[in-house]
Amino acid sequence: MITKFKTTVSTRINAIGLPVLALIWVGFFWGTTWIASKEGVRYIPGIQMAAIRQFIAGAIYIVFFLFTKTPWPKGKQWNTIVILAILNFTLSNGLSTAGVKYISSGLGAIIAAIFPIWIVLISFFKGEKIAQLAAIGVFVSFGGVCIIFYEYLADFLIPDFRFGIFLSVLATITWAFGTLYTKKKAASYNPYFSLGFQMFISGLLLFAYNAATGISVSVREIPMETWLAIAYLVVVGSLITFTVFIYSLQNLPPEVSSLYAYMNPVVAVLLGSAIFGESLSISIALGGLVTLSGLYLVNKSLRQSRKKTNILIK
């Protein structure tokens, strides 16, 4: 019976393709991290939660590097690692985690997905020519965001909601700068190798911010629900899924491996509605579909014009 089951599973995997299954894994489980973050920040500040998560995950990565005797970065590579730690994790991940305390997990995921728009706009202000397809994608995505926020017009009267939107949007801008910086430095270092150091350094910086502002909750007062959410984010969100993500990047064409970015918001919206009772109306569904369609056009344009670059979709 067990042998027959193993044979059936193996046949299914071979038929679908392990890289495709890896992509589906990434799309689903990175979508669930928004739910875990929302659960965790119910009890502690978002910055503190991001600090704990990144410090633990980064430390585990570094221990792995020590165990495998992997050579550490040298010289100017540390400058790149510190800059990316600040942009991608201290600011982007820290701000998005803090923002989801004030807005729904689904809305946070949708906002996070729009960062390619900032890449286009930053490139435009740097004097680069913007492809027609990218411009169309930006306008389509903007229209989709307008449809989504039509549902939340009344909420903009609430200061906390506005603050959450501000933090979430700012997080996407810093991730866009981090992505462009990664592309610029891709030839001089391996961005995956430095991931653990980026997480660890950002964890220290976020802890320092918590200490300076005094907004932290005592470790003894953190409830089990938050620790479970952090454990999920560290093990599933950071360690397992990022490893699977790298595997999918190495074994799938870029236009396929980036599709996970369109799965994340869908998963977050659906699970947010099911678990937290977050709003799931026709305008949100339609706006989300329009926004993701526009982002697809933007990403397609970026891939066509920069086939030799290393732009990663968060």
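Undergrad: Please provide a residue-by-residue account of the overall build of the protein chain, values included.
TA: Within the protein chain, the regular secondary structure consists of 13 helices and zero strands. Taken over 314 residues, the protein chain has a buried fraction of 50%. Counted over contacts in the protein chain with a minimum sequence separation of 6, partners at least 24 positions apart contribute 91%. Carbon and sulfur atoms make up 71% of the accessible area of the protein chain, which amounts to about 15800 Å² in all.

Undergrad: Give me the lowdown on helix H12 (residues 260–276), citing residues and values where you can.
TA: Spanning 17 residues, H12 covers 23 Å between terminal C-alpha atoms, matching the ideal 24 Å at 1.5 Å per step. For H12, the complete set of buried residues consists of Tyr-260, Ala-261, Tyr-262, Asn-264, Pro-265, Val-267, Ala-268, Val-269 and Gly-272. Once H12 finishes, Gly-277 follows within two positions and takes phi at roughly 70°, a positive value.

Undergrad: Quick one: what's the story with the pattern of salt bridges, residue by residue and with numbers?
TA: Tallied over the entire structure, the rule returns one salt bridge. The salt bridge partner of Arg-42 is Glu-39, with a shortest N-O separation of 2.8 Å. Using a relative accessible area of 18% as the deciding quantity, one classes Glu-39 as buried.

Undergrad: Lay out the nonpolar core in plain terms, naming residues and giving numbers.
TA: Judged by nonpolar contacts, the single largest core of 37 residues is most densely connected at Met-49, Tyr-61 and Phe-242. Elements that contribute at least two residues to this core include exactly helix H2 (18–40), helix H3 (46–67), helix H4 (77–99), helix H5 (105–112), helix H9 (195–213), helix H10 (224–251) and H12. Considering every element that reaches this core, the biggest residue donor is H10, with nine residues. Contact partners of Tyr-61, with chain neighbours within four places excluded, come to Leu-195, Gly-196, Met-199, Ser-238, Leu-239 and Phe-242.

Undergrad: Before we move on, can you summarise empty space enclosed by the protein with the specific residues and values?
TA: Evaluated as defined, the whole model comprises four cavities of 30 Å³ or more. The volume enclosed by the second largest cavity comes to roughly 60 Å³. Lining the second largest cavity, in full, are Ser-104, Gly-106, Leu-107, Ile-110, Ile-148, Tyr-152, Val-269, Glu-278, Ser-279 and Ile-284. Split by residue class, the lining of the second largest cavity holds six nonpolar, three polar and one charged.

Undergrad: With reference to specific residues and values, describe the environment of Leu-228.
TA: Note that Leu-228 resides in helix H10. Each C-alpha atom of the pair Leu-228 and Gly-40 lies 8.2 Å from the other, and the pair is 188 residues apart in sequence.

Undergrad: Tell me about the side chain of Arg-53, and name the residues and values.
TA: Structurally, the position occupied by Arg-53 is in helix H3. Here Arg-53 is buried and forms no salt bridge, its nearest opposite-charge partner Glu-39 lying at an N-O distance of 15 Å.

Undergrad: If you had to explain a nonpolar patch on the surface to someone new, which residues and values would you point to?
TA: A contiguous nonpolar surface patch, about 260 Å² in accessible area, is contributed by Val-82, Ile-86, Leu-91 and Leu-205. When residues of the nonpolar patch are assigned to their parent elements, the largest contribution, three residues, is made by H4. Structurally, Leu-205 can be placed in helix H9.

Undergrad: An account of the environment of Phe-89 is needed here, citing residue identities and associated values.
TA: Turning to its location among the elements, Phe-89 is positioned in helix H4. Classification of Phe-89 by relative accessible area gives buried; the value is 11%. Put simply, Phe-89 and Ala-50 are 39 residues apart on the chain and 8.5 Å apart in space, counted from C-alpha to C-alpha.

Undergrad: If you had to explain the packing of H5 against H12 to someone new, which residues and values would you point to?
TA: Look at H5 against H12: their axes get within 7 Å of each other, and the N-to-C directions meet at 170°. As judged from the angle between their axes, H5 and H12 are roughly antiparallel. Of the residues in H12, those in contact with Ser-105, Gly-106, Ala-109 and Ile-110 of H5 are Pro-265, Ala-268, Val-269, Gly-272 and Phe-276. For the contact of H5 with H12, a count of residues per class yields six nonpolar, three polar and no charged.

Undergrad: Tell me what's going on with the packing of H2 against H5, and back it up with residues and numbers.
TA: Packing of H2 against H5 brings their axes to within 9 Å, and their N-to-C directions diverge by 130°. Judged by the inter-axis angle, H2 sits oblique to H5. Judged by the twist between their axes, the crossing of H2 over H5 is right-handed. Between H2 and H5, the contacting residues are Trp-34, Ile-35 and Lys-38 on the first element and Ser-105, Gly-108, Ala-109 and Ala-112 on the second. When grouped by side-chain class, the residues that make up the contact of H2 with H5 number four nonpolar, two polar and one charged.

Undergrad: So what's going on with the environment of Ala-131? Residues and values would help.
TA: Along the chain, the position of Ala-131 falls in the loop between helix H6 (115–125) and helix H7 (132–150). Residues Ala-131 and Val-298, spaced 167 residues apart in sequence, show a C-alpha to C-alpha distance of 9.2 Å.

Undergrad: Any details on the confidence of the model for the protein chain? Residues and values, ideally.
TA: Put simply, the protein chain has an average pLDDT of 83, and 87% of its residues get 70 or more. When the elements of the protein chain are averaged for pLDDT, helix H1 (residues 2–16) gives the smallest value, 47, and H9 the largest, 93. Across residues 8–16 the pLDDT falls below 50, and counting only partners more than four positions away or on other chains, this stretch makes three contacts in the model.

So, how was this worked out
Residues numbered from 1 in each chain as written. Predicted model: local features only at pLDDT ≥ 70, side-chain atom pairs only at ≥ 80, totals over all residues. Heavy atoms only, no water. Helix = DSSP H or I, 4+ residues; strand = E, 2+ residues; numbered from the N terminus. Buried < 20%, exposed > 50% of the residue type's maximum accessible area, 1.4 Å probe, protein only. Contact = heavy atoms within 4.5 Å. Areas by Shrake-Rupley, 256 points an atom, 1.4 Å probe, with all protein chains shown as cover. Expected span 1.5 Å × (residues − 1). Salt bridge = Lys/Arg side-chain N within 4 Å of Asp/Glu carboxyl O. Core = buried A, V, L, I, M, F, W, Y, C linked by side-chain atoms within 4.5 Å. 1 Å grid on protein atoms, 1.4 Å probe; cavity = no way out; pocket = protein on both sides within 12 Å on 5 of 7 lines; lining within 4 Å. Points joined across faces, edges and corners; volume = space filled by probe spheres on them. Nonpolar A, V, L, I, M, F, W, Y, C, P; charged D, E, K, R; others polar. Lys, Arg positive; Asp, Glu negative; His and termini not counted. Patch = residues over 30% accessible without salt bridge, like charges linked within 9 Å, V, L, I, M, F, W, Y side chains within 5 Å. Axes fitted to C-alpha atoms, helices over the stretch in contact; angles between N-to-C directions. Parallel < 35°, antiparallel > 145°, perpendicular 65-115°, else oblique. Left-handed = near helix turned anticlockwise from the far one by under 90°. pLDDT = per-residue confidence, 0-100.

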